[in-house]
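# Structural overview
So you can see what is in the structure, the chains are spelled out below.
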Amino acid sequence: MTDTPQNPYVSQQIELKIGVITFVILDKNLQTLLSQRSHGPFRDAWAIPEQKIELNEDLHETALRELSGKVSDPEARIQLEQLGAYGSPERDPRGRTVTVAFWTVIPNFEKFTDVNGLLDVQPIKVSDIENGSLKMAFDHNEIFADAIENLRSKMESTSVAANFFDSPFTLSEFRNVYEAAWETKINAGNFQRKIQQTENFLIPTGEKAPPDSSGGRPADLFLKGLEKKLDPPLKRK
């Protein structure tokens, strides 16, 4: 009598986690928060921060709990975007795991950082991940690639870029976010014209930015408007 091959995962529990890819702007560079593994598989590699889902939590609540140690009052300031689920049987050599990934943007990261909460994560340049100079754990390189593409794509036609600010900003500062995320220079005049074509996409505050060292005219300040769709959209080159 021939034994029937058994599925090695049948008797195992499936561990469900939430992973949160967090994007920030630091020194005019798009960066993300990662933790470096100190033990287990992929030791010394970098990983997207994850949390196990508690029985009394929904997915969104777990994601907010993951962010709670990194920014003050995340629920009031953070807009989460659900990216997808990642559950290849081979993704974790320790057992069967599924990660539901979210991504988000932290506004004015330096202002709202909780230093004590950041002991386990570090801001890492997106370019260092994309050029392969940083070793990522598990399948987190795939997850991150999906997240950064989703962010860049949404910036073409939505107001998500304004989420990097929680206070009034100039059009130059707003353009800098696009340049950092898309890794390209953008013509200032064309950008301003396209952004202001959509009514209520950005709202002028009527105030001016403090004068800078260039000696030019103080720039107008803006806030994110109620209109979330940019039409016509901006296009990456």
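Residues numbered from 1 in each chain as written. Predicted model: local features only at pLDDT ≥ 70, side-chain atom pairs only at ≥ 80, totals over all residues. Heavy atoms only, no water.

### Thoughts on helix α6 (residues 171–182)
- Here α6 spans 16 Å end to end across 12 residues, near enough to the 16 Å set by a 1.5 Å rise per residue.
- Of all 12 residues in α6, 9 are buried; the element is thus mostly enclosed.
- For α6, the complete set of buried residues consists of L171, F174, R175, V177, Y178, E179, A180, A181 and W182.
- The elements touched by buried residues of α6 are β1 (15–26), β2 (29–36), α5 (140–157), α7 (188–195), β8 (202–208) and β9 (220–224).
- Following α6 by one or two positions, E183 adopts a phi angle in the positive range, close to 55 degrees. (Helix = DSSP H or I, 4+ residues; strand = E, 2+ residues; numbered from the N terminus. Expected span 1.5 Å × (residues − 1). Buried < 20%, exposed > 50% of the residue type's maximum accessible area, 1.4 Å probe, protein only. Contact = heavy atoms within 4.5 Å.)

### Re the nonpolar core
- Among the nonpolar cores identified, the biggest contains 41 residues, and I21, F23, L30, L151, M155, F174 and I195 are the most heavily contacted of them.
- Broken down by secondary-structure element, the contributors of at least two residues to this core are β1, β2, β6 (97–105), α4 (126–130), α5, α6 and α7.
- Excluding residues within four positions of it along the chain, F174 makes contact with A161, A162, F165, F169, F191, I195, F201 and L202.
- Core analysis: the second largest hydrophobic core is formed by 14 residues, L67, L80, I106 and V121 among them. (Core = buried A, V, L, I, M, F, W, Y, C linked by side-chain atoms within 4.5 Å.)

### Description of the environment of E142
- Along the polypeptide, E142 turns up in helix α5.
- Taking C-alpha positions, E142 is 9.3 Å from Y86, a pair spaced 56 residues apart along the chain.

### Points about the packing of aromatic side chains
- With the rule as written, the count across this model stands at 9 aromatic pairs.
- With 5.9 Å between their ring centres and 55 degrees between their planes, F174 and F191 make a pair best called tilted. Taken together, the positions of F174 in helix α6 and F191 in helix α7 put the pair 17 residues apart, joining distant regions of the chain.
- What makes F191 buried here is its relative accessible area of 3%.
- Here Y178 and W182 contribute two aromatic rings whose centre-to-centre distance is 5.1 Å and whose plane-to-plane angle is 80 degrees, an arrangement assigned as edge-to-face. Here Y178 and its partner W182 are both found in helix α6, 4 residues apart, which amounts to about one turn of the helix. (Phe/Tyr/Trp six-rings, centres within 6.5 Å; stacked < 30°, edge-to-face > 60°.)

### Comments concerning the confidence of the model for the chain
- Scored by pLDDT, the chain has a mean of 87; 84% of the residues are at 70 or more.
- Segment residues 114–119: pLDDT under 50, and 9 contacts once partners within four positions in sequence are set aside and those in other chains are kept. (pLDDT = per-residue confidence, 0-100.)

### Digging into the packing of α6 against α7
- At a minimum axis separation of 11 Å, α6 and α7 run at an interaxial angle of 100 degrees. Looking at the two axes, α6 sits roughly perpendicular to α7. Across the interface between the two elements, L171, F174, R175 and Y178 of α6 pack against A188, F191, Q192 and I195 of α7.
- Among the residues forming the contact of α6 with α7, the class breakdown is 6 nonpolar, 1 polar and 1 charged. (Axes fitted to C-alpha atoms, helices over the stretch in contact; angles between N-to-C directions. Parallel < 35°, antiparallel > 145°, perpendicular 65-115°, else oblique. Nonpolar A, V, L, I, M, F, W, Y, C, P; charged D, E, K, R; others polar.)

### Considerations on the pattern of salt bridges
- Enumeration over the complete set of coordinates arrives at 12 salt bridges.
- The partner of E130 in a salt bridge is R152, and the shortest N-O contact between them spans 2.9 Å. In this pair, E130 is assigned in helix α4 and R152 in helix α5, connecting sequence segments 22 residues apart.
- Overall, the relative accessible area of 40% leaves E130 in the partly exposed class. (Salt bridge = Lys/Arg side-chain N within 4 Å of Asp/Glu carboxyl O.)

### Brief notes about the environment of T62
- Mapped onto the elements, T62 comes out in helix α1 (residues 59–67).
- Placed 45 residues apart in sequence, T62 and K17 show a C-alpha to C-alpha distance of 8.7 Å.
- Sequence-distant contacts of T62, that is, excluding residues within four places in its chain, are made with I18, Q51, K52, I53, E54 and E57.

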